[in-house]
Amino acid sequence: MGDSWAERAAAAETAVRRRHLRRLAGVTPGTGIGRIAWPRPRVSRPWPWHYWWQAHLLDCLVDAQQRDPQARRGAAVAALTRGIRLKNLGRWTNDYYDDIAWFGLAVDRAGTLARRSGPGALRVVTDRLRAGWTPDGGGGIWWRRADDFKNAPANGPAAILLARRGQVALAAAIVDWMAAQLVDPGTGLVRDGVRLAPDGTVREVAATTYTYCQGVYLGACVELAERDGDPRWAERAGTVLDAVATRMAGADGVVPGYDDGGDGGLFNGILARYLADAARRRPELAAPARRLVLASAESVWDNRAEIATGPVFAHDWRRPARVPAQGTPEADLSVQLSGWMLLEAAATLG
């Protein structure tokens, strides 16, 4: 096995695809879907099916295709896109604005690899995201339809996608709302969200500062710095990057982990994606962002477990990974995607 980041990312891709990627229902031709756990649980239930994990599986396949274009992988991107729609009962959307924003970002990046699915999916998703903006709580997009919560994991990826689709004014309004409502003025870190009262005022701040909240805010600021040019975007990107480096990562630059897998398994990988994006696109952010990505990637790789199907990554990048077994975080697709995403991020930085 090679020592370059590209070779390590390729090993991660092979492992995740072997263990988790299959045809929908095991048999449906021309489709793909990510098995959410490996080894499979003794009792397998079809719901909930973790739509947003599938979106990040799609994003990782796009990462791999950009690293090493292959016709077979391109076909896998198209198959997974179709599989997600079929699994979602023939629809591109569900009730969660964050889910569809993640999916929209992946399909947008896939471009022609998504084949005929792409334009229709993007149109439906962006229309739904625009409709999710309301003046309640000063603005922002809801986390879920008919809910009282507006949060960073819905608004950040929505802003990135809308900016990339040319809707810069709405994207800017979303990120301005995040800056006003979610950024902790004392630490510079992005808090999870706000809960609103029936009259539209903020009644509670969900103050947890998850790593992916920082990632999507950073990503949105970088996107707007490229497309808008107002100095506030680069300044905000620099502030949140400094907060991540000084208040979240260890002295060695490694991003910390969580106590379990599940949804949280994806949080750090998402941060790594947008740290690498910042390092590539903003010279003034390159050194600290690059350090965080490469230090974390070295740690997750050094702490991997090796089994017959390839490397296994821990949910906490600072700790040794265990062999996947039922009930361990290492069995979750989310955790393995996060490690793969980190290695793909490192590969883009050389």
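From a predicted model like this one, the values you see are computed outputs, not experimental measurements. (Residues numbered from 1 in each chain as written. Predicted model: local features only at pLDDT ≥ 70, side-chain atom pairs only at ≥ 80, totals over all residues. Heavy atoms only, no water.)

(A) Fine view of the sheet that holds strand β3 (residues 149-151). With respect to topology, 3 strands assemble into an open sheet ordered β3-β4-β5, the strand pairing being antiparallel. In this open sheet, the two edge strands, each paired with only one partner strand, are β3 and β5 (202-206). Strand-to-strand, the axes of this sheet are offset by a mean angle of 20 degrees, without reference to chain direction. (Pairing = 2+ DSSP bridges. Helix = DSSP H or I, 4+ residues; strand = E, 2+ residues; numbered from the N terminus. Axes fitted to C-alpha atoms, helices over the stretch in contact; angles between N-to-C directions.)

(B) Region of interest: empty space enclosed by the protein. Applying the stated criterion across every chain yields a total of 1 cavity of 30 Å³ or more. Estimates place the volume of the largest cavity at around 40 Å³. Along its surface, the largest cavity is lined by Tyr258, Gly264, Gly265, Asn268, Ala314, His315, Trp317, Val335 and Ser338. Broken down by class, the residue content of the lining of the largest cavity amounts to 4 nonpolar, 5 polar and no charged. (1 Å grid on protein atoms, 1.4 Å probe; cavity = no way out; pocket = protein on both sides within 12 Å on 5 of 7 lines; lining within 4 Å. Points joined across faces, edges and corners; volume = space filled by probe spheres on them. Nonpolar A, V, L, I, M, F, W, Y, C, P; charged D, E, K, R; others polar.)

(C) The state of the cysteines, seen in detail. For the coordinates displayed, the defined rule picks out 0 disulfides. Free of any disulfide, Cys60 has its nearest cysteine sulfur in Cys213, 19 Å distant. Of all cysteine sulfurs in the structure, the one in Cys213 sits closest to Cys221, which takes part in no disulfide; the separation is 13 Å. According to the relative accessible area criterion, Cys221 is buried, its value standing at 0%. (Disulfide = S-S within 2.5 Å. Buried < 20%, exposed > 50% of the residue type's maximum accessible area, 1.4 Å probe, protein only.)

Nothing here speaks to function; it is all geometry.
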